[in-house]
Amino acid sequence: MQGQPVPLSRRLLAEATGSFFLLATVVGSGIMADNLAGGNGALALLANAMATGAILIVLITMLGPISGAHFNPAVSMIFAARRDLTPGDAALYALTQAIAAITGVIAAHLMFGLDAVQVSLTERSGASQLFSEAVAAFGLVLTILLTLARKPDAVAVNVGLYIFAAYWFTASTSFANPAVTIARSLTATFAGIRPADVAGFIAAQLTGAALGWLVARALTTDRRIDPI
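Remember, it's a predicted structure, so these values are computed and weren't measured experimentally. (Residues numbered from 1 in each chain as written. Predicted model: local features only at pLDDT ≥ 70, side-chain atom pairs only at ≥ 80, totals over all residues. Heavy atoms only, no water.)

(A) Examining the overall build of the protein chain more closely. If you tally the helices and strands in the protein chain, you get 8 helices and 0 strands. In the protein chain, the order of α-helices and β-strands from amino to carboxyl end is α-α-α-α-α-α-α-α. On C-alpha atoms alone, the protein chain measures out to a radius of gyration of 16 Å, which is about the 17 Å that the 2.2 N^0.38 rule sets for 228 residues. Reported as C-alpha extents along the three principal axes, the dimensions of the protein chain are approximately 50 × 35 × 30 Å. Counting all 228 residues of the protein chain, 53% fall into the buried class. Taking the intrachain contacts of the protein chain between residues at least 6 apart in sequence as the baseline, contacts between residues at least 24 apart amount to 78%. For the protein chain, the distance from the average position of its 12 positive side-chain charges to the average position of its 11 negative side-chain charges is 9 Å. (Helix = DSSP H or I, 4+ residues; strand = E, 2+ residues; numbered from the N terminus. Rg over C-alpha atoms; globule rule 2.2 N^0.38 Å. Buried < 20%, exposed > 50% of the residue type's maximum accessible area, 1.4 Å probe, protein only. Contact = heavy atoms within 4.5 Å. Lys, Arg positive; Asp, Glu negative; His and termini not counted. Charge placed at Lys NZ, Arg CZ, Asp CG, Glu CD.)

Shown next as structure tokens:
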């Protein structure tokens, strides 16, 4: 996902742009799906998953050469561990991703005539939800690193397809992203998560991402995965 070195300011702008549109899509498509599905939860989830997977393909394709198209603090953490990002740059990526993600949620609310900032009441707690998030992040990191090592041009499509699938095979609908989790606590719509459940989700996501990196290192000796 990482292209030619570019100035940090441009990379941060790319991360902000991608994170903004990712959350505007996740929340906006959730609102639209909920409005049109007539109470059919499966149909609403299908529409939400399709829109999210599609926008990821677009965003990673156009922004990957600039910033790596992480849009995800857990992914940036892994790239810092790989020494593709400095710890300071990774921290700035994460902060930018979170702020832009929140802005994307607000934009989605405004586009649908809702209150700009809300608090979710949707409970997503319990062992199955946390395990789902660990599995979701684990699989996402594996998808990124192993595709990057073997077929870099396919990263955008593979990530989009993975997230589309993970919406359906995880009980949590695959947030797999701390910035997404924080931002979605600020929407009382279809995509929301109760603020009290955010910390557990993030802990599970970071754990799953770290395990994904370790397994990716074990599966290949490619220096792009294990530069040590």
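(B) Examining the environment of alanine 191 more closely. Relative to the elements of secondary structure, alanine 191 occurs in the loop between helix H7 (178-184) and helix H8 (198-219). Overall, alanine 191 belongs to the buried group, its relative accessible area being 0%. It is 7.1 Å that separates the C-alpha atoms of alanine 191 and valine 26, two residues lying 165 residues apart in sequence. What alanine 191 contacts, discounting residues up to four positions off in sequence, is Val26, Val27, Arg124, Phe175 and Arg184.

(C) Highlighting unusual backbone geometry. A positive phi is found at alanine 69, a non-glycine position, where the angle reads about 55°. Summarising the element assignment, alanine 69 is placed in the loop between helix H2 (41-67) and helix H3 (73-81). Relative accessible area serves as the criterion here: at 2%, alanine 69 is assigned to the buried category. Although it is not a glycine, threonine 173 sits at a positive phi angle of roughly 65°. Looking at the secondary structure, you find threonine 173 in the loop between helix H6 (155-169) and H7. With relative accessibility at 15%, the residue threonine 173 sits in the buried group.

(D) Representation of the packing of helix H1 (residues 8-36) against helix H4 (residues 87-111) in the model. Running from N to C, H1 and H4 point in directions that differ by 35°, and their axes come no closer than 7 Å. Seen along the crossing, H1 lies across H4 with a hand that is right-handed. Along the lines of polarity and charge, the residues of the contact of H1 with H4 split into 15 nonpolar, 7 polar and 3 charged. (Axes fitted to C-alpha atoms, helices over the stretch in contact; angles between N-to-C directions. Left-handed = near helix turned anticlockwise from the far one by under 90°. Nonpolar A, V, L, I, M, F, W, Y, C, P; charged D, E, K, R; others polar.)

(E) Looking closely at the nonpolar core. Judged by nonpolar contacts, the single largest core of 54 residues is most densely connected at Leu22, Leu23, Leu140, Leu145 and Val159. Of all the secondary structure elements, the ones that give two or more residues to this core are H1, H2, H3, H4, helix H5 (127-150), H6, H7 and H8. (Core = buried A, V, L, I, M, F, W, Y, C linked by side-chain atoms within 4.5 Å.)

(F) Representation of the pattern of salt bridges. On inspection of all chains with the given rule, the structure shows 4 salt bridges. Aspartate 84 is the partner of arginine 82 in a salt bridge, and the nearest nitrogen-oxygen pair spans 2.4 Å. Measuring nitrogen to oxygen at the nearest pair gives 2.9 Å for the salt bridge that ties aspartate 197 to arginine 194. Residue aspartate 197 is classed as buried on the basis of its relative accessible area of 7%. (Salt bridge = Lys/Arg side-chain N within 4 Å of Asp/Glu carboxyl O.)

(G) The side chain of serine 19, seen in detail. Structurally, serine 19 can be placed in helix H1. Serine 19 gets classed as buried once you look at its relative accessible area, which sits at 1%. Not counting the four nearest positions on each side in its chain, serine 19 is found in contact with Phe71, Gln97, Ala100 and Ala101.

(H) Quick look at the packing of aromatic side chains. In the structure shown here, the tally under the stated rule is 3 aromatic pairs. Plain terms: the ring middles of phenylalanine 20 and phenylalanine 21 are 5.1 Å apart, the flat faces sit at 90° to each other, and that makes the pair edge-to-face. Classification of phenylalanine 20 by relative accessible area gives partly exposed; the value is 24%. Judged by its relative accessible area of 39%, phenylalanine 21 is partly exposed. For arginine 217, the ring lying beneath its charged end belongs to tryptophan 213, and the centroid distance is 4.7 Å. (Phe/Tyr/Trp six-rings, centres within 6.5 Å; stacked < 30°, edge-to-face > 60°. Lys NZ or Arg CZ within 6 Å of the ring centre and 35° of its normal.)

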